[in-house]
Amino acid sequence: VGMNSLKLKDLILVEAPNNAESKRTKVKPGDILLSITADLGRTCVIPSDFPTAYINQHLAILRLKNNYNPNFVSHVFTSELGINQFKKLNKGGVKAGLNFDDIRSLEFINPPLNLQNQYCEILYKITNQKNKNLDGLNITSNLFNSLLQKAFNGELV
């Protein structure tokens, strides 16, 4: 779990037993995963096409009521408002960690659902444009390096 991202490297595949623990830790589309140990406050939202998966003890599953957009709430948690709350809740000590009472105490803005959805649509467009720009930058950089290499090798006419 990253900051509003689901990191899929280094996954550990498990065969979950058919018991209450596996039912409790099985993620569903729209769930927010929240890091509750170490790097507090990292979040992501489980996409609708995600395969069967389970969380470990370092994460909490947040299932929201219908008047919340999970992507919006995830972004609120990683905003300055959210990060400051996680810092205050962190008991410090040897190891950072949150309990269920800490999670229940989190406060965040709750605009009407249509505004939450509008925010997420704008954010999605900006993120897509940013990714396209980064892809273009990588292509430009590769072309420049190729041209530079040819120039140093005397291959330019």
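It should be emphasised that the depicted structure is a prediction, and the values quoted were computed from it without experimental measurement.

Student: Residues and numbers for the overall build of the protein, please.
Tutor: Across its full length, the protein holds five helices and three strands. Along the protein, helices and strands appear, N-terminal first, in the series α-β-β-β-α-α-α-α. A compact globule built from 157 residues would reach a C-alpha radius of gyration of about 15 Å, whereas the protein, at 21 Å, exceeds it by more than 25%. The dimensions of the protein, computed from C-alpha atoms along their principal axes, are 70 × 40 × 35 Å. Here the protein holds 157 residues, and 27% of them are scored as buried. When contacts within the protein are restricted to residue pairs at least 6 apart in sequence, long-range pairs at least 24 apart make up 68% of them. Working note: accessible area of the protein is about 11,400 Å², and carbon and sulfur atoms make up 56% of it. Between the mean site of the 18 positive side-chain charges and the mean site of the 13 negative ones, the protein shows a separation of 2 Å.

Student: Requested: an account of the nonpolar core, with residues and values cited.
Tutor: Counting residues in each nonpolar core, the largest one holds 15 residues, and the members touching the most others are Leu-34, Phe-86, Leu-98, Ile-103 and Leu-106. Ignoring any residue separated from it by four or fewer positions in sequence, one finds Phe-86 in contact with Leu-34, Leu-40, Gly-41, Phe-77, Leu-98 and Leu-106. Among the nonpolar cores identified, the runner-up in size contains eight residues, and Cys-44, Ala-53, Ile-55 and Leu-59 belong to it.

Student: Please provide a residue-by-residue account of the packing of aromatic side chains, values included.
Tutor: Centre-to-centre distance and the angle between the planes together describe a pair of aromatic rings. Taken as a whole, this structure holds two aromatic pairs when the rule is applied. A centroid spacing of 5.4 Å and a plane angle of 90° characterise the contact between Phe-72 and Tyr-119, whose relative ring orientation is edge-to-face. Linking Phe-72 in helix H2 (residues 70-77) with Tyr-119 in helix H5 (residues 113-152), this pair joins segments that are 47 residues apart in sequence. Phe-72 gets classed as buried once you look at its relative accessible area, which sits at 6%. Between Phe-77 and Phe-86, the aromatic rings sit 5.9 Å apart at their centres with planes inclined by 70°, giving edge-to-face as the arrangement.

Student: Go over helix H3 (residues 80-89), please, and point to the residues and values.
Tutor: What H3 keeps buried is the set Gly-82, Gln-85, Phe-86 and Leu-89. Down the axis of H3, the buried side of the element spans an arc of 100°, and every buried residue falls inside it. Across H3 from its buried face, at more than 90 degrees, point the exposed residues Glu-80, Lys-87 and Lys-88. Where H3 is buried, its residues touch strand S1 (32-35), H2 and helix H4 (100-104).

Student: Let's hear about the environment of Asn-56: which residues, and what values?
Tutor: Checked against the element boundaries, Asn-56 lands in the loop between strand S2 (43-45) and strand S3 (59-62). Judged by relative accessible area, Asn-56 falls into the partly exposed class, the value being 40%. In terms of polar contacts, Asn-56 uses its side chain to reach the backbone amide nitrogen of His-58, at 2.9 Å.

Criteria and cut-off values
Residues numbered from 1 in each chain as written. Predicted model: local features only at pLDDT ≥ 70, side-chain atom pairs only at ≥ 80, totals over all residues. Heavy atoms only, no water. Helix = DSSP H or I, 4+ residues; strand = E, 2+ residues; numbered from the N terminus. Rg over C-alpha atoms; globule rule 2.2 N^0.38 Å. Buried < 20%, exposed > 50% of the residue type's maximum accessible area, 1.4 Å probe, protein only. Contact = heavy atoms within 4.5 Å. Areas by Shrake-Rupley, 256 points an atom, 1.4 Å probe, with all protein chains shown as cover. Lys, Arg positive; Asp, Glu negative; His and termini not counted. Charge placed at Lys NZ, Arg CZ, Asp CG, Glu CD. Core = buried A, V, L, I, M, F, W, Y, C linked by side-chain atoms within 4.5 Å. Phe/Tyr/Trp six-rings, centres within 6.5 Å; stacked < 30°, edge-to-face > 60°. Arc of directions from axis to C-beta. Polar contact = N/O pair within 3.5 Å; in protein donor to acceptor, adjacent residues only side chain to side chain.

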